[in-house]
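Next come the chains, spelled out residue by residue.
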Amino acid sequence: MARNLNLNLLSSHELEAWLCRQLETARLRKNINQTRLAEQAGVSRRTISRLENGQGVSLDTFIRVMRALELGDRFADLIPDAGIRPVDRVNQKHSERKRASSPRDQQSVAETK
């Protein structure tokens, strides 16, 4: 089902709840109880309970739990490498982007067409 779920359509709260359910499912698949996971992650059992109930935890706690569940290799899947593409490097004459450009207003875009 998760493969058919469009995560872009979820609110931030819904996405947080989905991520928390995924971590709970990973814990259960590994047959680890909340107390043991809490010990391995260096957090309290109550924190694991809050996380699994979607009540919000810090990014540090989320990272600790992912590592404790041996999911640390999945961090790269969360945010793709922002490295410059070869075609962009050619277009920019070998200079890397230092900042984002301001969005153009629609009138300016229409005038350039």
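Report follows, based on the coordinates. Quick caveat: nothing in here was measured; it's all calculated off a predicted structure. (Residues numbered from 1 in each chain as written. Predicted model: local features only at pLDDT ≥ 70, side-chain atom pairs only at ≥ 80, totals over all residues. Heavy atoms only, no water.)

### A word on the side chain of arginine 27
Item 1. Turning to its location among the elements, arginine 27 is positioned in helix α1 (residues 12-29).
Item 2. Looking at arginine 27, the relative accessible area reads 7%, which means it is buried.
Item 3. A distance of 2.5 Å separates the side chain of arginine 27 from the side chain of glutamate 52, its partner in a polar contact. (Helix = DSSP H or I, 4+ residues; strand = E, 2+ residues; numbered from the N terminus. Buried < 20%, exposed > 50% of the residue type's maximum accessible area, 1.4 Å probe, protein only. Polar contact = N/O pair within 3.5 Å; in protein donor to acceptor, adjacent residues only side chain to side chain.)

### Quick word on unusual backbone geometry
What you tend to see is this: most non-glycine residues have negative phi, and most peptide bonds are trans.
Item 1. Although it is not a glycine, asparagine 31 sits at a positive phi angle of roughly 55°.
Item 2. Tracing the sequence through the fold places asparagine 31 in the loop between α1 and α2 (34-41).
Item 3. Classification of asparagine 31 by relative accessible area gives exposed; the value is 66%.
Item 4. With phi around 60°, glutamate 70 is a residue other than glycine that occupies positive phi space.
Item 5. Topologically, glutamate 70 is positioned in the loop between α4 (59-68) and α5 (75-78).
Item 6. Of the residues examined, glutamate 70 reaches a relative accessible area of 62% and is grouped as exposed.

### Focus on α4
Item 1. Turning to α4, its buried residues are Thr61, Phe62, Val65, Met66 and Ala68. Take α4 and look down its axis: the buried residues cluster within an arc of 160°, on one side only. For α4, the exposed residues set more than 90 degrees away from the buried face come down to Leu59 and Arg67.
Item 2. Structurally, α4 contributes buried residues whose contacts are with α1, α2, α3 (45-52) and α5.
Item 3. Following α4 by one or two positions, glutamate 70 adopts a phi angle in the positive range, close to 60°. (Arc of directions from axis to C-beta. Contact = heavy atoms within 4.5 Å.)

### A few points about the packing of α2 against α3
Packed helices, taken two at a time, are described by the angle between their axes plus the distance between the axes.
Item 1. Running from N to C, α2 and α3 cross one another at 110°; their axes reach a closest spacing of 8 Å. What the angle tells us is that α2 and α3 run roughly perpendicular. Packed against α2, whose contacting residues are Gln34, Thr35, Leu37 and Ala38, the element α3 presents Arg45, Ile48, Ser49 and Glu52 at the interface.
Item 2. The residue inventory of the contact of α2 with α3, partitioned by class, reads 3 nonpolar, 3 polar and 2 charged. (Axes fitted to C-alpha atoms, helices over the stretch in contact; angles between N-to-C directions. Parallel < 35°, antiparallel > 145°, perpendicular 65-115°, else oblique. Nonpolar A, V, L, I, M, F, W, Y, C, P; charged D, E, K, R; others polar.)

### Focus: α1
Item 1. Over its 18 residues, α1 runs 26 Å from end to end, which matches the ideal 26 Å to within 8%, given 1.5 Å per residue.
Item 2. Regarding α1, the residues found buried are Ala17, Trp18, Cys20, Leu23, Ala26 and Arg27.
Item 3. Contact partners of the buried residues in α1: α2, α3 and α4. (Expected span 1.5 Å × (residues − 1).)

### Concerning the nonpolar core
Item 1. The biggest cluster of nonpolar side chains holds 15 residues, and the ones touching the most others in it are Leu23, Leu37, Ala41, Val43, Ile48, Val65 and Leu69.
Item 2. Among the elements of the structure, α1, α2, α3 and α4 are those that each provide at least two residues to this core.
Item 3. The biggest single contributor to this core is α4, with 4 residues. (Core = buried A, V, L, I, M, F, W, Y, C linked by side-chain atoms within 4.5 Å.)

### Quick notes on the pattern of salt bridges
Item 1. For the structure on display, the rule yields 3 salt bridges.
Item 2. Put simply, glutamate 52 and arginine 27 hold a salt bridge, and the shortest N to O gap is 2.5 Å. In this pair, glutamate 52 is assigned in helix α3 and arginine 27 in helix α1, connecting sequence segments 25 residues apart.
Item 3. Take glutamate 52: its relative accessible area is 8%, and that puts it in the buried class.
Item 4. Of the charged contacts in the structure, one is a salt bridge between arginine 64 and aspartate 60, with a shortest N-O distance of 2.9 Å. One end of the pair, arginine 64, and the other, aspartate 60, are both in helix α4, 4 residues apart, so they sit about a helical turn from each other.
Item 5. Residue classification places arginine 64 among the partly exposed residues on the basis of a relative accessible area of 35%.
Item 6. Since its relative accessible area comes to 44%, aspartate 60 is described here as partly exposed. (Salt bridge = Lys/Arg side-chain N within 4 Å of Asp/Glu carboxyl O.)

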